Amino acid sequence: MISRSSIRHLTFKRCRYQPANRRGLAAAASGNFKFQTGEAAGIKIASRDLSGPTTTLALVAKAGTRYQTLPGVADGLEKFAYKNTQKRSSLRITRETELLGGEISAYHSRENIVLQAKFLRDDLPYFVELLAEVAGKTKFTGHEFHEEVIPVLTLHQRRLLTSTRDLAHDSAHKVAFHRGLGVPLYTTSPTPSARYLTEEAISTYSTVAYTKPNIAVVANGANLVELSKWTGEFFKDYPTSGEAKKLDSTTSKYFGGEERISHDSGNSMVIAFPGSSSFTTGNTYKPEIAILAALLGGQSSIKWSSGFSLLSKAIPGQLGVAVSTTHVSYSDAGLLCVALNGGANGIRAASAEVAKALESVAAGKVSKEDISKAVALAKFRALEAEQEITYRLELTGSGLIHGGNPFQMNEVAKSIESVSVEQVAKAAKDLLAGKAAVSAVGDLHVLPFAEEIGLKV
Amino acid sequence: MTPLANWYTDAAGYRKLGLRADDLIPEESETVELALKRLSPKEAYDRVFRLRRAFQCSLSHQLLPKEEQTKPEEDILYLTPIIKEIEAGKKEREDLESMVIKRRAA
């Protein structure tokens, strides 16, 4: 074993000999803190060695709701994280983590399940072993499923059923992508999932989800050499894809359409358009969509000001509608979502402005200054996302699994800067020409149809 | 010792009422209650059936006909492993709770 001190010494020396790699205090964010990648025991790993005292370690598995074989199993598998394993009980995991002052969590997105641990730098081996054990050796006992997993799932479902915002978001995805990315993040009603969701189903899914080519181990604030050593040691008995059935990963296709759900506790509307895939997986990446999202906007980034964005200018505050435009990108598709929440009448009035705003962009009626503001905001958002470690780790891991480049932000920023005004106008024109994905949740007597607000579905 | 043990278990008489050894474990403790909850639906159903049949036999002062009595190979421990698991969990919790942390000498 190479001793820790000698490794630290080595890296420190290297930094000193290459001053170009270091960032001065006043220098602009240049994305020098790149992830170094490698492979250990057939598993892709990435790490960046920041000199802080803590480490964030994540195991990213390409097994989110998009790939799930039965409804709800991805959610169930996530909820089974840190339960009894063949080597130790969940109580022991909790207590040991507490003793080390660590923090463990698990979450899933549409594409990934992420097991994450934050801890003091020296405890890396313990937590690599823990994640390896949790992903590979969980027992999936029936009583834990009934006593601990199911109650959490039901509570979550109940909360989701009252949130029109989340329902509208899920519904827009469903309309846009049908299966795959269209599968809701959480099962909304207990009835259909109870038929499929058993501890055996989850256990089977885990053997498909946690295979060597399907996971990546990503760390922030750890030495790549050490990470590779411990990953090699603890993950070596993981199955390679040979034995396990492969997950269905057909390329996402955008459909578009409309869905209206009647709901009593609030009103939400999501108007979505096909977006761009994430930067990490290459070919369908379109930076102009991110700029368009910033340009449509709706929420101001500056206090006491309505901001420059088209929707916040067009929709007066007294309507009582909260508008926000987000661009969610996945490995091979994306969705540009305009979300409207508030009173039904307000949403009706405000939703008409969305198509109008897009038309004005398409016709080139937007001032050059606004576009340059939008470029700056899009760039800032992308770079800010870089610093949010949780998001960054998931994106890096997902990029590695899909065989692309890890998430390198300075390149993203560069590609956003290089977009021209014409490209933005053309993107808006394409969106208007194609089909939108519109979902309205709430008082359907008042909420408009897509046709009424000038969108094709 | 085994032949003697076999004779003793048989003489205990519960098999003649169609019961299994684990049916005789007193239910009135938290551990056993939890263990009973963790039985699979089929096992729980069979257990209740055996108990009710045994009550009937006991009330009518009869033994089951020979072919319905529990055979030695059917007399398996279905509850004990679960109870042991729960007890191990409890013991681990107590151990962890009374743990004294010593800092390793650097």
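By the naming in an unreviewed UniProt entry, chain B goes by Cytochrome b-c1 complex subunit 7 and is assigned to Trichoglossum hirsutum. Quoted verbatim from the Subcellular location (unreviewed entry) field of the UniProt record, the comment on chain B reads "Mitochondrion inner membrane". Listed in UniProt under the heading Function (unreviewed entry), the comment for chain B reads: "Component of the ubiquinol-cytochrome c oxidoreductase, a multisubunit transmembrane complex that is part of the mitochondrial electron transport chain which drives oxidative phosphorylation."

As annotated in an unreviewed UniProt entry, chain A is Cytochrome b-c1 complex subunit 2, mitochondrial from Trichoglossum hirsutum. UniProt, in the comment section headed Subcellular location (unreviewed entry), describes chain A in these words: "Mitochondrion inner membrane".

**Q** Go over the overall build of chain B with me, naming the residues and quoting the values.
**A** Scanning chain B from terminus to terminus reveals four helices and zero strands. Secondary structure of chain B in N-to-C order comes out as α-α-α-α. What you see for chain B is a C-alpha radius of gyration of 19 Å, clearly larger than the 13 Å of a compact globule of 106 residues, by over 25%. In terms of overall dimensions, chain B has C-alpha extents of about 70 × 35 × 20 Å along its principal axes. Burial analysis of chain B (106 residues in total) assigns 29% to the buried set. Put simply, of all contacts in chain B between residues at least 6 apart along the chain, 81% involve residues at least 24 apart. Carbon together with sulfur atoms contributes 59% to the accessible area of chain B, which is approximately 8200 Å² in total. Across chain B, the mean location of the 19 positive side-chain charges is 4 Å away from that of the 20 negative side-chain charges.

**Q** Please set out the overall build of chain A residue by residue, giving values where relevant.
**A** Secondary structure assignment for chain A yields 16 helices and 11 strands. For chain A, buried positions account for 52% of its 457 residues. Pairs at least 24 residues apart make up 79% of the contacts formed inside chain A by residues separated by at least 6 positions. Split by element, the accessible area of chain A, about 20700 Å² in all, is 54% carbon and sulfur.

**Q** Describe the confidence of the model for chain B, naming the residues involved and giving the relevant values.
**A** Residues and elements named next belong to chain B. Mean pLDDT over chain B: 91, with 99% of residues reaching 70 or higher. Across chain B, the secondary-structure element scoring lowest on mean pLDDT is helix 1 (residues 2-12), at 87, and the one scoring highest is helix 3 (residues 41-59), at 95. Predicted complex, confidence summary: ipTM 0.76, pTM 0.83.

**Q** Tell me what's going on with the pairing of strand 5 (residues 113-120) of chain A, and back it up with residues and numbers.
**A** Residues and elements named next belong to chain A. Of all eight residues in strand 5, six are buried, a share of seventy percent or more. Examined bridge by bridge, strand 3 (residues 54-61) and strand 5 share eight bridges and lie antiparallel to one another. Counterpart to Leu57 in the pairing with strand 5 is Ala117. Here strand 4 (residues 103-108) runs beside strand 5; their pairing, made up of six bridges, is antiparallel. Across the sheet, Glu103 pairs through a bridge with Lys118, a residue of strand 5. Two successive antiparallel strands, strand 4 and strand 5, enclose a turn made up of four residues.

**Q** So what about the layout of surface pockets? Which residues, and what values?
**A** All names here are of chain A. The volume enclosed by the largest pocket comes to roughly 1300 Å³. If you trace the largest pocket, you find 50 residues lining it, with Thr326, His327, Val328, Ser329 and Tyr391 closest to the centre. Within the residue set of the lining of the largest pocket, elements represented by two or more residues are helix 5 (142-162), helix 6 (164-177), helix 10 (287-296), strand 9 (321-329), helix 13 (368-387), helix 14 (389-401) and helix 15 (409-417).

**Q** Account for the pairing of strand 8 (residues 267-274) of chain A, with residues named and values stated.
**A** Here is the key point about a regular strand: its side chains alternate between the two faces of the sheet. All names here are of chain A. Summarising burial for strand 8: seven of the eight residues are buried, a large majority. In the sheet, strand 8 pairs with strand 10 (residues 334-342) via eight bridges, with the strands oriented antiparallel. Across the sheet, the residue bridging to Ser268 is Asn341, located in strand 10. In terms of strand pairing, strand 8 meets strand 11 (residues 437-442) through five bridges, oriented antiparallel. Each bridged residue has a counterpart across the sheet, and for Val270 the counterpart in strand 11 is Ser439.

**Q** Report on helix 5 of chain A, specifying residues and quantitative values.
**A** All names here are of chain A. For helix 5, spanning 21 residues, the distance from its first C-alpha to its last is 29 Å, which sits close to the expected 30 Å at 1.5 Å a residue. Where helix 5 bends most, the angle comes to about 35°, and this point is Val149, followed within four residues by the proline Pro151. His143, Glu144, Phe145, Val149, Leu153, His156, Gln157 and Leu160 are the residues of helix 5 that are buried.

**Q** Account for the sheet that holds strand 7 (residues 257-262) of chain A, with residues named and values stated.
**A** Residues and elements named next belong to chain A. What the five strands build is an open sheet, ordered 7-11-8-10-9; its pairing is mixed. Both outer strands of the open sheet, strand 7 and strand 9, are each paired with one neighbouring strand and no more. Across the sheet, the axes of successive neighbouring strands diverge by a mean angle of 10°, strand direction being ignored.

**Q** Which residues make up the interface of chain A and chain B, and what values go with them?
**A** Listed per partner, the contact involves seven residues of chain A and nine residues of chain B. The junction of chain A with chain B conceals about 820 Å² of combined surface from both sides, 55% of it contributed by carbon and sulfur atoms. Sorting the residues of chain A by area buried against chain B places Leu91, Arg95 and His143 of chain A first, and these three jointly supply 53% of that buried surface. At the surface where chain A touches chain B, the tally comes to three salt bridges. Measuring nitrogen to oxygen at the nearest pair gives 3.2 Å for the salt bridge that ties Glu147 of chain A to Arg38 of chain B. Taken together, chain A and chain B are joined by five residue pairs in polar contact (both at pLDDT 80 or more). Elements with a contribution of two residues or more to the side of chain A that touches chain B: helix 3 (90-99) and helix 5 of chain A.

About the criteria used
- Residues numbered from 1 in each chain as written.
- Chains lettered and ligands numbered in written order.
- Predicted model: local features only at pLDDT ≥ 70, side-chain atom pairs only at ≥ 80, totals over all residues.
- Heavy atoms only, no water.
- UniProt positions renumbered as here; feature names shortened; annotations may be inferred.
- Helix = DSSP H or I, 4+ residues; strand = E, 2+ residues; numbered from the N terminus.
- Rg over C-alpha atoms; globule rule 2.2 N^0.38 Å.
- Buried < 20%, exposed > 50% of the residue type's maximum accessible area, 1.4 Å probe, protein only.
- Contact = heavy atoms within 4.5 Å.
- Areas by Shrake-Rupley, 256 points an atom, 1.4 Å probe, with all protein chains shown as cover.
- Lys, Arg positive; Asp, Glu negative; His and termini not counted.
- Charge placed at Lys NZ, Arg CZ, Asp CG, Glu CD.
- pLDDT = per-residue confidence, 0-100.
- Pairing = 2+ DSSP bridges.
- 1 Å grid on protein atoms, 1.4 Å probe; cavity = no way out; pocket = protein on both sides within 12 Å on 5 of 7 lines; lining within 4 Å.
- Points joined across faces, edges and corners; volume = space filled by probe spheres on them.
- Expected span 1.5 Å × (residues − 1).
- Bend = angle between axes of the 7 residues up to and from the residue.
- Axes fitted to C-alpha atoms, helices over the stretch in contact; angles between N-to-C directions.
- Buried area = accessible area lost by both parts, 1.4 Å probe.
- Salt bridge = Lys/Arg side-chain N within 4 Å of Asp/Glu carboxyl O.
- Polar contact = N/O pair within 3.5 Å; in protein donor to acceptor, adjacent residues only side chain to side chain.

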